[in-house]
Amino acid sequence: MRSAEPGSTGGNLPMFEKRHVSFTSGSPDDTLAIARELGAALLPGDVVGLTGDLGAGKTLFCKGVGEALGIPPDRIVSPTFTIVTEHAGPVPLTHIDVYRLSGAREADEIGMRELLSGDGVCLVEWAEKIAERLPTDCIQVTFAISGGDRREIAIAAPDLPRFDAFRARTQRFQLH
Ligand code: ADP
Ligand code: MG
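In this convention, every chain numbers its residues from 1, walking through the sequence in written order. Both sets of labels track the order of writing: A upward for chains, 1 upward for ligands. Local features are withheld for residues below a pLDDT of 70 in this predicted model, meaning they are given only at 70 or higher, and side-chain atom pairs are given and counted only at 80 or more; totals for whole chains, interfaces and linings count all residues. Note that water and hydrogens are dropped before the side-chain values are worked out from all heavy atoms of the structure.

### Examining the site of ligand 1
- Residues are classed as near a molecule or strand on a simple rule: at least one heavy atom within 4 Å of it. Ligand 1 sits among 16 residues. The nearest are T31, G55, K58, T59 and D149.
- Each accessible area is a Shrake-Rupley estimate made with a 1.4 Å probe; only the visible protein chains count as cover when residues are assessed. Isolated, ligand 1 exposes 570 Å² of accessible area, and the fraction of that covered by the protein chains is 76%.
- Here a strand is any run of E in DSSP of at least two residues, a helix any run of H or I of at least four, and the numbering for each starts at the N terminus. Elements with a contribution of two residues or more to the shell around ligand 1: helix 1 (28–41) and helix 2 (58–68).
- Residues were grouped as follows: Ala, Val, Leu, Ile, Met, Phe, Trp, Tyr, Cys and Pro as nonpolar; Asp, Glu, Lys and Arg as charged; and all remaining residues, including Gly, as polar. In terms of residue class, the shell around ligand 1 is made up of 4 nonpolar, 7 polar and 5 charged.

Below is the structure:
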């Protein structure tokens, strides 16, 4: 592991230097393609936090990640009243949408700490609402709607070889 940026950590906490990459998606298919490639790089225990306005593409992105993990995309849907959906699969997938929660305290009441430290992959929509509960090595995916079907997607992932492979396979969507 490379050394962290000055001031980015302290004490004996593990350091997770993250690499930031920006993507431009021109269509729902582009977003699905990026998401599938990220999904292929994930391992059990990973947490992915998704941030962005309503309609930005968070749930669509979750479908792509799920597909890479062997979960049919039609099973991953926008929850109406469901906050947590668990999908069995080769790698279990927990899909959480914290939109309706007031914050980390309320999240604790539904067992967020346990959900986030589960055996599978965990996807959290509106992750910024529970920022203080996310693990330090969380993969952050941030969406901005830039008009029509265009989305700017910024992904910060730990500086690990498996994410290098993801970055290499998604070059065509990256800003240069
Ligand atoms: P969120 O979960 O962020 O509220 P959804 O994934 O449910 O958003 O919805 C995104 C909507 O935007 C879908 O209807 C999708 O078809 C549309 N869309 C249009 N262009 C894109 C794009 N480039 N990436 C993702 N979604 C897009
Ligand atoms: Mg959604």
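So that's the structure; there's more coming.
### With respect to the coordination of the magnesium ion (ligand 2)
- At this site the magnesium ion (ligand 2) is bound by T59 (OG1) and E125 (OE), with donor distances of 2.1 to 2.2 Å. Separated by 66 residues along the polypeptide, T59 in helix 2 and E125 in strand 5 (residues 121–125) bring together distant segments of the chain.
- Relative accessible area decides the class of each residue, using a 1.4 Å probe on protein chains only: under 20% of the type maximum gives buried, over 50% gives exposed, and in between gives partly exposed. By relative accessible area, which is 13% here, T59 ends up buried.
- For E125, a relative accessible area of 2% corresponds to the buried category. Any N, O or S atom lying within 2.8 Å of the metal counts as a donor, with the limit raised to 3.2 Å for Na, K and Ca; because water is left out of the atom set, some sites can appear incomplete.

### Some details on the nonpolar core
- One finds L38, F61, I139, V141 and I155 to be the most contacted residues of the largest nonpolar core, which totals 30 residues.
- Elements with a minimum of two residues in this core: strand 1 (18–25), helix 1, strand 2 (47–51), helix 2, strand 5, strand 6 (139–145), strand 7 (151–158) and helix 5 (161–169).
- When checking whether two residues touch, look at their non-hydrogen atoms; a contact exists if any pair is within 4.5 Å. Among residues more than four places away in sequence, those in contact with V141 are L38, V48, G49, L50, T51, F61, I153, A154 and I155. Side-chain atoms within 4.5 Å are what join buried Ala, Val, Leu, Ile, Met, Phe, Trp, Tyr and Cys residues into a set we call a nonpolar core.

### Considerations on the environment of F81
- With respect to the secondary-structure elements, F81 resides in the loop between helix 2 and strand 3 (84–87).
- Linking F81 and P28, residues 53 residues apart in sequence, is a C-alpha distance of 25 Å.

### Some thoughts on the pattern of salt bridges
- Salt-bridge detection follows one rule: a side-chain nitrogen of Lys or Arg within 4 Å of a carboxyl oxygen of Asp or Glu. Per the counting criterion, the structure on display carries 9 salt bridges.
- One salt bridge in this structure joins R162 and D46, with 2.7 Å as the shortest N-O distance. You can see R162 sitting in helix 5 and its partner D46 sitting in the loop between helix 1 and strand 2, a full 116 residues away along the chain.
- Classification of R162 by relative accessible area gives partly exposed; the value is 24%.
- A relative accessible area of 9% means that D46 is categorised as buried.
- Ionic pairing is found between D108 and R113, a salt bridge with its closest N-O pair at 3.6 Å.
- We classify R113 as partly exposed; its relative accessible area is 49%.
- Each of the salt bridges in this network shares a partner with another, and the network as a whole consists of R19, D159, D164 and R167.

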